[in-house]
Amino acid sequence: MVRAAWVLVAVLGVGAARNDEEKGFVPLFDQERLADWTQCGPGSFKVENGVATGTGGMGLWYYGKKTFTNFELRGEWQQEPALKSDSGIFVRFPDPKNDPWIAVKQGHEVEIGDPKPSKKSTGSIYTFSGPTELPLKPLGEWNEYGITCTGKQYQVRINGKQVTDYTDEAGRPLSGYVGIQNFPWPGTVRHRNVRIKELP
């Protein structure tokens, strides 16, 4: 009985720790906020049961209600097995109007694509800084990411491990929108559980 009680306390403790880790995060894929997402450029995203699936492109689907300065963005992605698939998470880009390349050229992209570490691989700050390693799950399984932007510093975590730490030297904006790329390469990338927490 004592052991059972200890196990219960331990499990409850883990649950409390997880709740603390999620404190302050705002979901961006809930019914209240989905209407604030806008497609820019070709292609589209379709959302079913909280999962956003990108098709066509190269386009940009972004949360247009507000801009963010210092923040942590978390989410999950899934790449189709047996096919090459490509996407990315854009941060701190200005109003793109109808030009998705604004996010590429004026913000920063955390790439989802090639599983071999490089400045253009999954986990990279695209073309600027590559990951030191990529603790990825097999294709077809869901991976978790965390992107922290504070001042000029960009940190990327994948499945709980920090893989990229980049200090911007390109003079990109320190505030802007966040969004997701749809790119026909030709496989599909899906996104879910995207949420954000603003930081001081």
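My aim in this report is to walk through the structure given alongside it, one point at a time.

**Things to note about the environment of Phe25**
- Note on placement: Phe25 falls in the loop between helix H1 (2-22) and strand S1 (26-27).
- It is 28 Å that separates the C-alpha atoms of Phe25 and Trp101, two residues lying 76 residues apart in sequence.

**Some details on the pattern of salt bridges**
- One pass over the full model with this rule turns up twelve salt bridges.
- The residue Glu22 makes a salt bridge to Arg195 at a minimum N-O spacing of 2.8 Å. Of this pair, Glu22 sits in helix H1 while Arg195 is found in strand S13 (residues 189-198), placing the two residues 173 residues apart along the sequence.
- Judged by its relative accessible area of 30%, Glu22 is partly exposed.
- One salt bridge connects Glu32 with Arg33, and the closest N-O pair in it is separated by 3.8 Å.
- Each of the salt bridges in this network shares a partner with another, and the network as a whole consists of Glu22, Glu72, Arg74, Arg157 and Arg195.

**Brief notes about the pairing of strand S12 (residues 176-183)**
- Across the eight residues of S12, seven count as buried, placing the element largely inside the fold.
- Bridge count for strand S5 (residues 59-68) against S12 is six bridges, and the pairing is antiparallel. Each residue of the ladder has a partner; that of Tyr63, found in S12, is Val178.
- Sheet topology places strand S7 (residues 86-93) next to S12; seven bridges connect them, and they run antiparallel. By the bridge assignment, Gly88 is partnered in S12 with Gln181.

Analysis parameters
- Residues numbered from 1 in each chain as written.
- Predicted model: local features only at pLDDT ≥ 70, side-chain atom pairs only at ≥ 80, totals over all residues.
- Heavy atoms only, no water.
- Helix = DSSP H or I, 4+ residues; strand = E, 2+ residues; numbered from the N terminus.
- Salt bridge = Lys/Arg side-chain N within 4 Å of Asp/Glu carboxyl O.
- Buried < 20%, exposed > 50% of the residue type's maximum accessible area, 1.4 Å probe, protein only.
- Pairing = 2+ DSSP bridges.

The analysis is restricted to geometry; functional conclusions fall outside its scope.
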